[in-house]
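In case you want the letters, here they are:
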Amino acid sequence: MDPDYSAQDVARCDLCKTAIAQSYCDFCHANICTPCIGIHISNEYDKHKIVAIHQRKSTLIYPKCESHQNKTCEYQCKDCSSFLCSRCLASKQHNQEHEFLELEEVFISKKEHIKKDTKELESQILPVYEDIASELEMQIASLDGEYKKLTTEMSKQREDINREIDNAFDQMEKDIGEIKVKHHSILQKHLDEIKQLQSFMQQTLLALNEMEESNEVCPTIHYSSKIEEFSKLPPKVNVSIPKFIPKQMEREELCSLIGKLTPLFTTLEERVSTANKPNTSVRELLDEPEVLNTINTGHKNLRSVTCLNEEQMWISGNIADIKCFNIQGVLQKTIKTKSGSWPNDIAVYRDGALVYSDWTTSTVYKVKNDQSEEIITLQGWIPYNLCVTSSGDLLVTMYSDDRTQSKVVRFSGSTVKQTIQFDEEGQPLYSGNSYIKYISENRNLDICVADFEASAVVVVNQAGKLRLRYTGPSSSTKNKPFKPCGITTDSENRILIADFDNNCIHILDTDGQFLRYIDNCDLKRPYGLCVDSNDSLFVCEFSKGDVKKIRYLK
């Protein structure tokens, strides 16, 4: 049975208004019963398209050609996305080197994508948000009972203390009331945000349902999925109930001996969608890492390597060429920097767009479909190393023009979202110079920076608070001081650091504890690092211009 038409949804003839329609005109978009077909097609016979009612809207409505009157566009240019009719192709006015797609195929593909997104939104994402909202509502509903327990415990202590300290207890009760209001406000705020997102997804779902029913080509092929945006779940709000900590009563220093309330404590715990949860099995380190492949890039002073997947990698060094190789070492593409100077660093967005920093113009450029655009231009600062985060933001290490300060800045597009420069005592987190400060984001959203001049790796959490500083293992077997260059992180939250002078790689756990070296792979001046989606390690050898692919996990 046609899912779009059933006995519960009987269509009446649009002409006589009474009979049940057995047919449909795909040109006029009208329901028609059998006796009325002749009346309907009496005018402009050649334009009408009568189909069975269950096949309604099967004829695609193509966009009109802007260049040729009365022609419809049945093709699309894959390179520039413009619509083309058959005369456009025959006239060869469009670049014939471009690749052309049939709009019907694009339309069918997008329809399948829309159905998939609709199903995923209905069956996977929305139910999770409903559970989150229910959990917050339950927390709010239980607040009175929890806080009543708190005041009861405090009252028991109060009975043992004479009237001279009533004022102190009254103040504490006021504090509890204020904390409760704040607690309620925090949870209510997050509940409101969740419900707002739910509402937005419901609107999106309605729009998707309408698009599924629609036979309009333009809106369909221009559809852009929001599934990735919706799949990134909001953080879980953990707000701890304050505790009353009593003390034994002593007549002296009554106020300090009553006890105290712990402050309201809120943490944000990252949620992971069930559909996107990583494999929880731990991959252990190999006893003897092994080199799987060595690719000669033709670069001298090779500095950076980055890869989006297991199929290809981008590399850069001290020349203007940024090269893309496949995993077999075959050169796929070369991009030249806009200024003609070598880039400080490179990174790749999830959509495959390349981004690079240029020290001569204080600019970060984005390259997609061979088109280059400036996305960040700095005043008084020079951009250095780059990292694309899991949320799609761009982390940029930079130093001041006078080379006295360094900092990390998070950008969303060209908008500054966060600046990380000082610790809680107001001291600089990073050495203030133009030396290497490669950067990577861990799976737990920690930001890891290799500070070459400081001979340290500095790790801060997502909020920019210092977590740890690594300056090498407690007992080193190496002859030279630790000089970190490239840095990357793997699926187990391990941190891998290139030690330039000692020709090895340090592997740390997520808390900065040294685990082992990779020093058996004949590395020469290791510099830039990255790992692919399978946790294979890619290492730039600075002087030789080679990239070594290393397996270090079981």
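None of these values were measured; they are calculated from a predicted model.

Visitor: Quick rundown of the state of the cysteines? Include the residues and the values.
Guide: Going through the model one piece at a time under the given rule, you end up with zero disulfides. For Cys-33, which is in no disulfide, the shortest distance to another cysteine sulfur is to Cys-36 and amounts to 3.4 Å. Assessed through its relative accessible area of 2%, Cys-33 is described here as buried.

Visitor: Tell me about the packing of helix H3 (residues 103-141) against helix H5 (residues 166-213), residues and numbers included.
Guide: Two measures define how a pair of helices packs: the angle their axes make with one another and the distance between the axes. At a minimum axis separation of 9 Å, H3 and H5 run at an interaxial angle of 160°. Between H3 and H5, the interaxial angle falls into the category roughly antiparallel. Judged by the twist between their axes, the crossing of H3 over H5 is left-handed. Partitioned by chemical class, the residues of the contact of H3 with H5 number 17 nonpolar, nine polar and nine charged.

Visitor: Quick one: what's the story with the packing of aromatic side chains, residue by residue and with numbers?
Guide: All chains considered together, the criterion is met by 10 aromatic pairs. Between the aromatic rings of Tyr-438 and Tyr-527, the centroid separation amounts to 6.0 Å while the plane-to-plane angle is 85°, which identifies the pairing as edge-to-face. A residue pair is termed long-range when its members are at least 10 positions apart, and Tyr-438 in strand E24 (residues 437-441) and Tyr-527 in strand E32 (residues 526-531) qualify at 89 residues. With relative accessibility at 6%, the residue Tyr-438 sits in the buried group. Taking the relative accessible area as the measure of exposure, Tyr-527 reaches 6% and is therefore buried.

Visitor: Explain the pattern of salt bridges to me, using residue names and the numbers behind them.
Guide: Once their charged atoms are close, side chains differing in charge can pair, the charge on each being opposite to the other. In this structure the tally under the stated criterion is 24 salt bridges. The shortest N-O distance in the salt bridge between Lys-437 and Asp-451 comes to 3.9 Å. Residue Lys-437 is found in strand E24, and its partner Asp-451 is found in strand E25 (residues 447-451); the two are separated by 14 residues along the sequence. Each member of the pair Lys-437 and Asp-451 is classed as buried.

Visitor: Account for the sheet that holds strand E14 (residues 321-326), naming residues and giving values.
Guide: Overall, antiparallel pairing links the four strands, which are arranged E12-E13-E14-E15 in an open sheet. Since the sheet does not close on itself, it has two edges, and those belong to strand E12 (302-306) and strand E15 (331-336), each with one partner. Pairs of neighbouring strands in the sheet enclose a mean axial angle of 20°, with direction left out of account. Taken together, the five bridges between E14 and E15 define a ladder with antiparallel strand orientation. Its bridge partner being in E15, Phe-325 is matched across the sheet by Leu-331.

Visitor: I'd like a description of a negative patch on the surface, backed by residues and values.
Guide: The grouping of Glu-74, Glu-102, Glu-104 and Glu-105 at the surface amounts to a negative patch. Mapped onto the secondary structure, Glu-104 falls in helix H3.

Visitor: Give me H3: which residues, what numbers.
Guide: The terminal C-alpha atoms of H3 lie 54 Å apart, and with 39 residues this matches the ideal 57 Å at 1.5 Å per residue to within 8%. Where H3 bends most, the angle comes to about 40°, and this point is Leu-121.

Visitor: Break down the environment of Pro-246 for me, citing the residues and quoting the values.
Guide: With respect to the helices, strands and loops of the structure, Pro-246 is situated in strand E8 (residues 244-246). Along the sequence, Pro-246 and Met-154 sit 92 residues apart, while their C-alpha atoms lie 7.7 Å from each other.

Visitor: Please give an account of the nonpolar core that cites residues and values.
Guide: Considering soluble globular proteins, one finds that nonpolar side chains tend to be buried as a cluster. If you look at the biggest cluster of nonpolar residues, it comprises 48 residues, and the most contacted ones within it are Met-313, Leu-537 and Tyr-552. Those residues in contact with Leu-537 that sit more than four places away from it in its chain are Thr-488, Leu-496, Ile-518, Leu-529, Cys-530, Val-531, Lys-548, Lys-549, Ile-550 and Tyr-552.

Visitor: Got a sec to walk through the sheet that holds strand E29 (residues 495-499)? Specific residues and values, please.
Guide: Here we have four strands laid out as an open sheet, ordered E28-E29-E30-E31, and antiparallel in their pairing. Since the sheet does not close on itself, it has two edges, and those belong to strand E28 (484-489) and strand E31 (514-518), each with one partner. For this sheet, the mean inter-axis angle between neighbouring strands, taken without regard to orientation, is 20°. The pairing of strand E30 (residues 504-508) with E31 spans four bridges and is antiparallel. Note that in E31 the partner of Leu-508 across the bridge is Phe-514.

Visitor: How would you sum up the side chain of Asp-546? Please name residues and give values.
Guide: Within the fold, Asp-546 resides in strand E34 (residues 546-553). Those residues in contact with Asp-546 that lie beyond four places of it in its chain are Thr-294, Ile-295, Asn-296, Leu-302, Val-539, Cys-540 and Glu-541.

Visitor: Can you tell me about the side chain of Ser-304, naming the residues and giving the values?
Guide: By secondary structure assignment, the location of Ser-304 is in strand E12. A polar contact of 3.1 Å, which involves the side chain of Ser-304, links it to the side chain of Tyr-438. Once residues within four sequence positions are removed from consideration, Ser-304 is found in contact with Trp-314, Ile-315, Ser-316, Asn-344, Asp-345, Ile-346, Tyr-438, Gly-528 and Cys-540.

Visitor: So what's going on with the pairing of strand E17 (residues 354-358)? Which residues, and what values?
Guide: Of all five residues that make up E17, five are buried, and the element is covered over most of its length. Here E17 shows no split at all, with Leu-354, Tyr-356 and Asp-358 on one side and Val-355 and Ser-357 on the other all buried. For strand E16 (residues 345-348) and E17, the ladder comprises four bridges, and the chain directions are antiparallel. Considered in E17, the bridge of Ala-347 is made with Val-355. Linking two consecutive strands that pair antiparallel, namely E16 and E17, is a turn of five residues; a positive phi of about 90° is found at Gly-352 within it. As judged from the five bridges shared by E17 and strand E18 (residues 363-368), these two strands associate in the antiparallel manner.

Visitor: Describe the environment of Asn-344, with residues and values.
Guide: Mapped onto the fold, Asn-344 is located in the loop between E15 and E16. A C-alpha to C-alpha distance of 8.1 Å links Asn-344 and Gly-317, two positions 27 residues apart in sequence. At a separation of 2.7 Å, a polar atom in the side chain of Asn-344 contacts the main-chain carbonyl oxygen of Pro-383.

Reading the values: rules and limits
Residues numbered from 1 in each chain as written. Predicted model: local features only at pLDDT ≥ 70, side-chain atom pairs only at ≥ 80, totals over all residues. Heavy atoms only, no water. Disulfide = S-S within 2.5 Å. Buried < 20%, exposed > 50% of the residue type's maximum accessible area, 1.4 Å probe, protein only. Axes fitted to C-alpha atoms, helices over the stretch in contact; angles between N-to-C directions. Helix = DSSP H or I, 4+ residues; strand = E, 2+ residues; numbered from the N terminus. Parallel < 35°, antiparallel > 145°, perpendicular 65-115°, else oblique. Left-handed = near helix turned anticlockwise from the far one by under 90°. Nonpolar A, V, L, I, M, F, W, Y, C, P; charged D, E, K, R; others polar. Phe/Tyr/Trp six-rings, centres within 6.5 Å; stacked < 30°, edge-to-face > 60°. Salt bridge = Lys/Arg side-chain N within 4 Å of Asp/Glu carboxyl O. Pairing = 2+ DSSP bridges. Patch = residues over 30% accessible without salt bridge, like charges linked within 9 Å, V, L, I, M, F, W, Y side chains within 5 Å. Areas by Shrake-Rupley, 256 points an atom, 1.4 Å probe, with all protein chains shown as cover. Lys, Arg positive; Asp, Glu negative; His and termini not counted. Charge placed at Lys NZ, Arg CZ, Asp CG, Glu CD. Expected span 1.5 Å × (residues − 1). Bend = angle between axes of the 7 residues up to and from the residue. Core = buried A, V, L, I, M, F, W, Y, C linked by side-chain atoms within 4.5 Å. Contact = heavy atoms within 4.5 Å. Polar contact = N/O pair within 3.5 Å; in protein donor to acceptor, adjacent residues only side chain to side chain.

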